[in-house]
Amino acid sequence: MGPYILKRVLWAIPALWGLATAVFLLSRLLPGTFGTEQILQREGAYFSKGSETDRKAAYREYVARTGQDLPLFYLSVNPKSQASAITPHLTSSDNAQEQLEKLSWRYGSPAHAQAYIARVEALEKSFETSADELFRAKLALLRTNDHIAPLQQTVKEIIAIAPQPQVRAAAAKVLTALQNLKQQQQPLAFLLPQWTWHGTNNQYHQWLLRALQGNLGESYSSSRSVTAILLEAIGNTWWLLLCSMLVTLVIALEGSVMMAQKRGNLLRKFLLPLLFLLDSIPPFVLALLLLVLLANPDFLQLFPVYGMGYYMPQKLSLWQELMQWSYYMALPALCLVLFNLPYLTSQVYNAITAAMQADYTRTARAKGLSEAAIVRSHVLRNSLLPIITILSDFLPALVTGTFIVETIFAIPGIGRLLIESVLSRDYPVLTGIVLVVAIFRIASYIVADVAYAWADPRIKQKMR
Amino acid sequence: MRRLWQQEAAFKGAALYLMLLLVLVLLLPWLPLSYAPNQLDLAHTLQAPFEGTATAAHWLGTDDLGRDVLSNILYGARTAFFISVPVMALSTLLGLVLGTSAGYFGAMGLRTSRKNLLLLVCTLLLLCYYGLYLPLQIQRLGLGVQMIFESLSVCIVLPMLLYGILKALYPYTPFLRASVAVPVDPAVLRLTEALSTIPRFVLILVLASFLPPSVLLLSLIIVLTLWTGTARLARAEMMRIKQLPYFEAAQSIGLNGRQLIWRQALPNLLGPVLVAFTFGLGGLLALESTLSFFNIGVPSTLVSWGRMIAKVRSNTSAWWLVVFPGAILSLTILALYTCNHYLSKIFQEKSTG
């Protein structure tokens, strides 16, 4: 048994690694992170008086602090003409960076495009006092356009009308830079791919090293350690999940046993359609219906609406704390039980009715055992195997229910954390949650295997 | 089917309800509704149902922005069906193709020359780079249509060139002529396992968080994660059919692979797949409304049941916001499950004799 479990655990490691890698790479390959939304957006900064440049500087500082300016992976494939692939952020502002990128793509030589940008900056500085209206429009064109012909035209105009000699000299240098760019152009260079090896100084390597040491990074939105956030959330979810699972299991087993017996006929006629009906109500509608009915001053104020309890100045005894907790958790737990009951009951009921028709049940009946004894000691024991399979598959359904319940009843658990981090694109937390869910899944399979061995000694023989 | 229609009242009711809803959804733009679904009636916010005056007849009440519940329910049904039916159809098709080929070919059944395999892999890589990555980057930088066109033409010309070279080399290189087995079955199985490592709902949420909110992208995500169920079913059915005497007879008279799959196996596969389709459609309706309830992956202008129900979270006394859309949603799912129940009964009877 021991070596078997060890083997399963060792097999789980590459699966977890692959999953985490996939989530990490996907989350960073696609544009739009927490930072871009919070810092760069005008609406986000409604109350701050910061200008566009301040916001961009703050964003750059944030990107450097969280290590997002490093290359993503060991190896990258980029068009040969892409300037940022070689050295990111060589220019002073984002507009210049964008123009540099466009010129390099269009004319295929980043070095000459960069020389042009530097010359234009020198030209701007050569107007010792600020340039007047006429020149400002021309300079703006020089800073944004990405075709050589209009750029050349504009520079020639500047040379023709500029009064100061130093401006004319600077403009002439811009013109030569443009000439160089035109002579050295390779218009189709963007079609050639170029491989770049970044070595170990990349985001993925550093993230993986830290993750192996048990550090999953920091949340983008709260800057707290992801491990701490996850532990707190799991602590809140765990008891709710366990309690509702136990209650569901007991009800499903007892209900199925009662329905399977002869006197359960009436119960069966009543309960099975009810469960069928319950199954077709989506979890969030059911939770909201219960909330509106049972935790609402307009109808019945039986339960508190949101949260996990209130803060008390004095220390409560364990019993009082438990009472308060169960008062607040009653409605969420009821929702979870109701979500999962239909599926579990129908599966358990099928397993039990199958066992009721088996030969050993007929034998037990023939030797004169009471119906209750048959069900308890023969049928239930033999239908344990399918029930274990159902339970281990049942965990994901339970998890899905938890997301909905926790979000609706504002319980700070793992499901609410997931929804929040999805809405705010908090990828470190998201990666952590995916890992936790996968670990739970794998753990539940291993526990199911152990349970198989316990339920059926024949399987124990095979596991050696 | 006709016997079912005549004998089972529940099936008749469910099917009638679904058909009625479908007709309503299709005819909706021509119906005389007094309010558009996104029209704000700020004079009558949070109006309770059946209390409307003659001038503001909101039969089923309004939400906190004065949007009419009735027209939101009707247009929400339209959205739900327009998303769910194509998504389910596409994912069933994908699952059917992958599952059937996995079951038919197995691990060793599909053999091809190294030349074809090499060509396929290279073409896929080129397609990803020149057909997808470069155009997207050009689009992002705003560099114009001409460069996209150049990239796409490279994407077409290079595989053709490669094909020509490989074809010229083919007679002289034994390496290219050697035939290798494509492990279809293990590949499909591994992919299914990989997709089911974490619960589907979590997977969809995580993937949706990587992309901008858009109905099309969300549908794509759902199609790409939902096909595994159909694929597993189709694979199992195909493997069962392969063992049946009639299929072996068809093989022995020398029918080719295409005829075997299309003419012999598929008609027998379709029953179970149809059952899975109706069941999956119910689940998909619930999924779509849950996602729009959380406002994940869909733009907030999308009219849907979930968006309407979400409004009740800020005003728990506005019961009509959850009761009416919730009832229609549950009824629709119930009708689908009922049809599914009776359909699966028929096919079970058929397959057992």
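Residues numbered from 1 in each chain as written. Chains lettered and ligands numbered in written order. Predicted model: local features only at pLDDT ≥ 70, side-chain atom pairs only at ≥ 80, totals over all residues. Heavy atoms only, no water.

Draft legend 1. Spatial organisation of the overall build of chain B. When you go through chain B residue by residue, the secondary structure sums to 13 helices and 2 strands. Against the 2.2 N^0.38 benchmark of 20 Å for 353 residues, chain B shows a C-alpha radius of gyration of 26 Å, more extended than a compact globule. C-alpha extents for chain B along the principal axes are approximately 85 × 65 × 40 Å. For chain B, buried positions account for 46% of its 353 residues. Total accessible area on chain B is roughly 17,900 Å²; 69% of this is exposed by carbon and sulfur atoms. (Helix = DSSP H or I, 4+ residues; strand = E, 2+ residues; numbered from the N terminus. Rg over C-alpha atoms; globule rule 2.2 N^0.38 Å. Buried < 20%, exposed > 50% of the residue type's maximum accessible area, 1.4 Å probe, protein only. Areas by Shrake-Rupley, 256 points an atom, 1.4 Å probe, with all protein chains shown as cover.)

Draft legend 2. Looking closely at the overall build of chain A. Helix and strand counts for chain A stand at 19 helices and 2 strands. Relative to its 464 residues, chain A shows a buried fraction of 44%. Carbon together with sulfur atoms contributes 64% to the accessible area of chain A, which is approximately 24,500 Å² in total.

Draft legend 3. Spatial organisation of the layout of surface pockets. All names here are of chain A. Estimated volume of the second largest pocket: approximately 540 Å³. Around the second largest pocket, the lining comprises 21 residues; the ones closest to its centre are Met245, Leu249, Leu391, Ser392 and Val447. Secondary structure elements with two or more residues in the lining of the second largest pocket: helix H10 (226-260), helix H16 (384-408) and helix H18 (427-455). Within the lining of the second largest pocket, the residues separate by chemical class into 19 nonpolar, 2 polar and no charged. (1 Å grid on protein atoms, 1.4 Å probe; cavity = no way out; pocket = protein on both sides within 12 Å on 5 of 7 lines; lining within 4 Å. Points joined across faces, edges and corners; volume = space filled by probe spheres on them. Nonpolar A, V, L, I, M, F, W, Y, C, P; charged D, E, K, R; others polar.)

Draft legend 4. Highlighting the domain arrangement of chain B. Its domain assignment divides chain B into domain 1 (2-107 + 187-352) and domain 2 (109-182). Using C-alpha coordinates to define each centre, domain 1 of chain B is positioned 37 Å away from domain 2 of chain B. (Domains from an automatic or database assignment.)

Draft legend 5. Focus on the nonpolar core. Within the largest apolar cluster, 140 residues are counted, with the highest numbers of intra-cluster contacts made by Phe284, Leu288, Ile408, Phe409 and Leu418 of chain A together with Ile222 and Leu291 of chain B. Beyond its immediate sequence surroundings of up to four residues, Phe284 of chain A is in contact with Ile404 and Ile408 of chain A together with Ala286, Ser289, Thr290, Phe293, Ile309 and Leu329 of chain B. Listed in part, the 26 residues of the second largest apolar core include Leu151, Val155, Ala170 and Leu178 of chain A. (Core = buried A, V, L, I, M, F, W, Y, C linked by side-chain atoms within 4.5 Å. Contact = heavy atoms within 4.5 Å.)

Draft legend 6. Looking closely at the interface of chain A and chain B. Chain A puts 52 residues into the contact, and the matching count from chain B is 50 residues. Across the interface of chain A and chain B, roughly 4,500 Å² is buried in total on both sides, 77% from carbon and sulfur atoms. The interface formed by chain A and chain B holds 0 salt bridges in total. Where chain A packs against chain B, one counts 6 residue pairs in polar contact (both at pLDDT 80 or more). Those elements that provide at least two residues to the side of chain A that touches chain B are helix H1 (2-29), strand E1 (75-79), helix H4 (94-107), helix H11 (265-279), helix H12 (283-294), H16, helix H17 (414-423) and H18 of chain A. Tallied by class, the residues present in the side of chain A that touches chain B amount to 37 nonpolar, 7 polar and 8 charged. (Buried area = accessible area lost by both parts, 1.4 Å probe. Salt bridge = Lys/Arg side-chain N within 4 Å of Asp/Glu carboxyl O. Polar contact = N/O pair within 3.5 Å; in protein donor to acceptor, adjacent residues only side chain to side chain.)

Draft legend 7. Layout of the environment of Arg425 of chain A. Residues and elements named next belong to chain A. Turning to its location among the elements, Arg425 is positioned in the loop between H17 and H18. In this structure Arg425 comes out as buried when scored by relative accessible area, which is 9%. With 305 residues separating them along the chain, Arg425 and Val120 place their C-alpha atoms 38 Å apart.

Draft legend 8. Up close: empty space enclosed by the protein. All names here are of chain A. This structure, assessed with the given rule, holds 6 cavities of 30 Å³ or more. Surrounding the largest cavity, Ile234, Thr237, Trp238, Leu241, Val399, Thr402, Phe403, Ile414, Val436, Val437 and Phe440 form its lining. Of all the secondary structure elements, the ones that give two or more residues to the lining of the largest cavity are H10, H16 and H18. The element that contributes the greatest number of residues to the lining of the largest cavity is H10, accounting for 4 residues. Considered class by class, the residues forming the lining of the largest cavity number 9 nonpolar, 2 polar and no charged.

Draft legend 9. Broad picture of the packing of aromatic side chains. All names here are of chain A. Counted under the stated rule, the structure contains 22 aromatic pairs over all chains. Ring geometry for Tyr74 and Trp197: centres 6.3 Å apart, planes at 20°, overall stacked. Here Tyr74 is found in the loop between helix H3 (52-65) and E1, whereas its partner Trp197 is found in strand E2 (residues 193-197), with 123 residues between them in sequence. Judged by relative accessible area, which is 62%, Trp197 ranks as exposed. (Phe/Tyr/Trp six-rings, centres within 6.5 Å; stacked < 30°, edge-to-face > 60°.)

Draft legend 10. Inspection of the pattern of salt bridges at higher detail. Applying the stated criterion to the full structure yields 15 salt bridges over all chains. As a salt-bridge pair, Glu157 of chain A and Lys138 of chain A come within 2.6 Å of each other at their nearest N and O atoms. Taken together, the residues span a long stretch of sequence, with Glu157 of chain A in helix H7 (residues 148-161) and Lys138 of chain A in helix H6 (residues 133-144) at a distance of 19 residues. Relative accessible area serves as the criterion here: at 31%, Glu157 of chain A is assigned to the partly exposed category. On the accessibility criterion, Lys138 of chain A (16% relative accessible area) is buried. Where Arg240 of chain B meets Glu237 of chain B, a salt bridge forms, and the shortest distance between an N and an O atom there is 3.1 Å. In this pair, Arg240 of chain B and Glu237 of chain B both sit in helix H9 (residues 215-243), 3 residues apart, roughly one turn of the helix. According to the relative accessible area criterion, Arg240 of chain B is partly exposed, its value standing at 38%.

Draft legend 11. Layout of the packing of helix H8 (residues 200-210) of chain B against H9 of chain B. All names here are of chain B. The N-to-C vectors of H8 and H9 enclose an angle of 155°; their axes lie 10 Å apart at closest approach. Comparing their axes, H9 and H8 come out roughly antiparallel. In terms of crossing hand, the pair formed by H8 and H9 is right-handed. Judged by residue contacts, Arg200, Leu203, Ile204, Leu207 and Ala208 of H8 engage Leu218, Ile221, Ile222, Thr225, Leu226, Thr228 and Gly229 from H9. Grouping the amino acids of the contact of H8 with H9 by side-chain chemistry returns 8 nonpolar, 3 polar and 1 charged. (Axes fitted to C-alpha atoms, helices over the stretch in contact; angles between N-to-C directions. Parallel < 35°, antiparallel > 145°, perpendicular 65-115°, else oblique. Left-handed = near helix turned anticlockwise from the far one by under 90°.)

Draft legend 12. Helix H3 (residues 69-105) of chain B, seen in detail. Residue and element names in this part refer to chain B. With 37 residues, H3 extends 52 Å from end C-alpha to end C-alpha; this agrees with the ideal 54 Å at 1.5 Å per step. The distance from a side-chain oxygen at the start of H3 to the backbone nitrogen of Ser71 is 3.3 Å, and the residue carrying that oxygen is Asp68. In the stretch just after H3, Gly106 is the one whose phi turns positive, near 70°. (Expected span 1.5 Å × (residues − 1).)

Draft legend 13. Region of the structure containing H8 of chain B. Counting buried positions over the 11 residues of H8 of chain B gives 9, a clear majority of the element. Along H8 of chain B, the residues classified as buried are Phe201, Val202, Leu203, Ile204, Leu205, Val206, Ala208, Ser209 and Phe210 of chain B.

Draft legend 14. Fine view of the packing of H10 of chain A against helix H13 (residues 318-356) of chain A. All names here are of chain A. With their axes 6 Å apart at the nearest point, H10 and H13 run at an angle of 35° to one another. Relative to H13, H10 is oriented so that their crossing is right-handed. Of the residues assigned to the contact of H10 with H13, the class counts are 23 nonpolar, 5 polar and no charged.

Draft legend 15. A look at unusual backbone geometry. All names here are of chain A. Its identity is not glycine, yet Ser223 carries a phi of approximately 60°, on the positive side. Within the secondary structure layout, Ser223 lies in the loop between helix H9 (203-212) and H10. Positive phi values are uncommon outside glycine, yet Arg425 reaches one of about 55°.

Draft legend 16. Structural view of the confidence of the model for chain B. Residues and elements named next belong to chain B. For chain B, the mean per-residue pLDDT works out to 87, and 97% of the residues sit at or above 70. The least confident element of chain B, judged by mean pLDDT, is helix H1 (residues 2-7) at 74; the most confident is H3 at 92. Here the complex is predicted with pTM 0.83, and the ipTM for its interfaces comes to 0.84. (pLDDT = per-residue confidence, 0-100.)

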